[in-house]
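Chain by chain, the residues run as shown.
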Amino acid sequence: METKNIEFAAISRGQKYSPNHIGNDAQIFNNTVHQLLIKGHSVNVYHEDCISINTLHEDIIFTMIRGEQALAILQQVENQGKLIINCTEGVLNCYRENLARILPDNNIPFPKSIVIDTHATDFELDKTFGSQQLWVKRGDVHAIHREDVTLVYSTEELKGIIQEYGRRGIQKAVIQEHLSGDIVKFYAVNGASFFHWYYHPGSERLPFDPEYLREIAVKSAQKLKVDIYGGDAVIGYDGSVKIIDLNDWPSYAPVRDVAAYHIANLIEKKAIAHRQLFKDTKKVVA
């Protein structure tokens, strides 16, 4: 099986979408590029803010892009038959308003949530949640500003945050129940034995079944169509596990080196399969 001399395009994440993680995101990206170079491939590096439809001549592209403008460009490239990792649909599925729909629709344990227009004024929270201690999150990309994920304690506070979203041009907000318990963070790569999790600092270290966490994390990624991913779960006092967030290509900061190795293997494997499919298609057409 051919494994050498594949030319990749690699697109780094815009700094706007790496709040407090600019260095960590850059390191996992650079480590992955390095792993592919070690394998004998060539990698042309681009930045999210500098690509255009005419920039990318490579047929196989791996990317940390999250912004809508750059994703729109990648969708056009993808429609030309080029391979994108993570695929653009998967990245968009990780936008919070889509996450709050897709995971519950696929019976994945997830907090009770509603998605509202940021210009709405008539929502009845008490009837929906039975509590006023709620999370409000911007409905699109993951947090850029401090208010983008906020725990609120009153309807007035909630409405203030939502109005601020509207002023900033954010169209949708996710309102989510607050779950008591421990936060566990996890990192994974599709098809790899690699799955790393740890308790968030300050946790009580409530007991739970790690294999169940892995099971629902893998299922979540499959339904969202992402290959390189991580996320957060809440462990309840009864041992229950609920996914509360899933991110396309996180920083993998605690396990960066081993993660980069597995990410590079995934990218290479998908590239080989893509090239073989292209060759087989040409044979059929001929």
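Refer to the structure above for everything that follows.
Reference entry: report on the structure contained in this document.

Scoring rules and cut-offs
Residues numbered from 1 in each chain as written. Predicted model: local features only at pLDDT ≥ 70, side-chain atom pairs only at ≥ 80, totals over all residues. Heavy atoms only, no water. Core = buried A, V, L, I, M, F, W, Y, C linked by side-chain atoms within 4.5 Å. Buried < 20%, exposed > 50% of the residue type's maximum accessible area, 1.4 Å probe, protein only. Helix = DSSP H or I, 4+ residues; strand = E, 2+ residues; numbered from the N terminus. Contact = heavy atoms within 4.5 Å. Pairing = 2+ DSSP bridges. Axes fitted to C-alpha atoms, helices over the stretch in contact; angles between N-to-C directions. Salt bridge = Lys/Arg side-chain N within 4 Å of Asp/Glu carboxyl O. Phe/Tyr/Trp six-rings, centres within 6.5 Å; stacked < 30°, edge-to-face > 60°.

1. Observations concerning the nonpolar core
General note: in soluble globular proteins, nonpolar side chains tend to be found buried as a group. Core analysis: the largest hydrophobic core is formed by 28 residues, its most contacted members being Phe8, Ile28, Phe62, Trp249, Tyr252, Ile263 and Ile267. Every element with two or more residues in this core is listed here: β1 (7-12), α1 (22-38), β3 (60-63), β4 (83-85), β9 (182-189) and α8 (256-285). If near-sequence neighbours (up to four positions away) are discounted, Tyr252 is found in contact with Ile28, Tyr187, Ala188, Val189, Phe194, Ile228, Tyr229, Ala259 and Ile263. The next biggest cluster of nonpolar side chains, apart from the first, holds 27 residues, and it includes Ala221, Leu224, Val226 and Tyr229.

2. Quick word on unusual backbone geometry
In this structure, the amide linkage connecting Ile85 to the following residue, Asn86, adopts the cis form with an omega of -15 degrees. Along the chain, Asn86 turns up in the loop between β4 and α3 (88-93). Positive phi, close to 60 degrees, is recorded for Asn107, a residue that is not glycine. A relative accessible area of 68% places Asn107 in the exposed class.

3. Quick look at the sheet that holds β4
Across the sheet, four strands lie side by side as β2-β1-β3-β4; this open sheet has parallel pairing. Two strands in the sheet have a free side with no partner beyond their single neighbour: β2 (42-47) and β4. Ignoring strand direction, the axes of neighbouring strands in this sheet form an average angle of 25 degrees. Each of β1, β2 and β3 touches α1; the most contacted strand, β2, lies at about 160 degrees to it. In the packing of helix α2 (residues 68-79) onto the sheet, the strands contacted are β1, β3 and β4, and the crossing angle to β4 comes to about 140 degrees.

4. Here's the deal with the pattern of salt bridges
All chains considered together, the criterion is met by 12 salt bridges. In this structure, Arg13 engages Asp25 in a salt bridge whose closest nitrogen and oxygen atoms are separated by 3.2 Å. Placement of the pair is Arg13 in the loop between β1 and α1 and Asp25 in helix α1, with a sequence separation of 12 residues. For Arg13, a relative accessible area of 7% corresponds to the buried category. Classification of Asp25 by relative accessible area gives buried; the value is 6%. Of the charged contacts in the structure, one is a salt bridge between Arg138 and Asp140, with a shortest N-O distance of 2.5 Å. Per residue, the accessibility class of Arg138 equals that of Asp140, and both read buried. One network of salt bridges, with partners in common, ties together Arg13, Asp25, Arg66 and Asp248.

5. Concerning the pairing of β9
Residues in a regular strand point their side chains to alternate faces of the sheet. Of all eight residues that make up β9, six are buried, and the element is covered over most of its length. Note: β9 against strand β11 (residues 228-235), eight bridges, orientation antiparallel. Within the sheet, the bridge partner assigned to Tyr187 lies in β11 and is Gly230. Two strands pair when backbone bridges link them, and β9 and strand β10 (residues 195-199) are joined in this way by five bridges, in the antiparallel orientation.

6. With respect to the packing of aromatic side chains
Each aromatic ring pair is summarised here by two numbers: the centre-to-centre distance and the angle between the ring planes. In the structure shown here, the tally under the stated rule is 10 aromatic pairs. Summarising the aromatic geometry, the rings of Phe29 and Phe62 are spaced 6.4 Å apart at their centres and angled 45 degrees between planes, so their arrangement reads as tilted. Residue Phe29 is located in helix α1, and its partner Phe62 is located in strand β3; the two are separated by 33 residues in the primary sequence. Given the relative accessible area of 3%, Phe29 is considered buried. Relative to Phe195, the ring of Phe186 has its centre 5.9 Å away and its plane inclined at 20 degrees; by these criteria the two rings are stacked. With relative accessibility at 15%, the residue Phe195 sits in the buried group. Among the aromatic residues, those joined into a cluster by ring pairs are Phe8, Phe29, Phe62 and Trp249.

7. What about the pairing of β1?
Burial analysis of β1 places five of its six residues in the buried class, the great majority of the element. Note that β1 and β2 share six bridges and pair parallel. Bridge assignment links Ser12 to a residue of β2, and that residue is His47. By the bridge criterion, four bridges tie β1 to β3 in an arrangement that is parallel. Note that in β3 the partner of Ala9 across the bridge is Ile61.

Any link to function would need more than the numbers given here.
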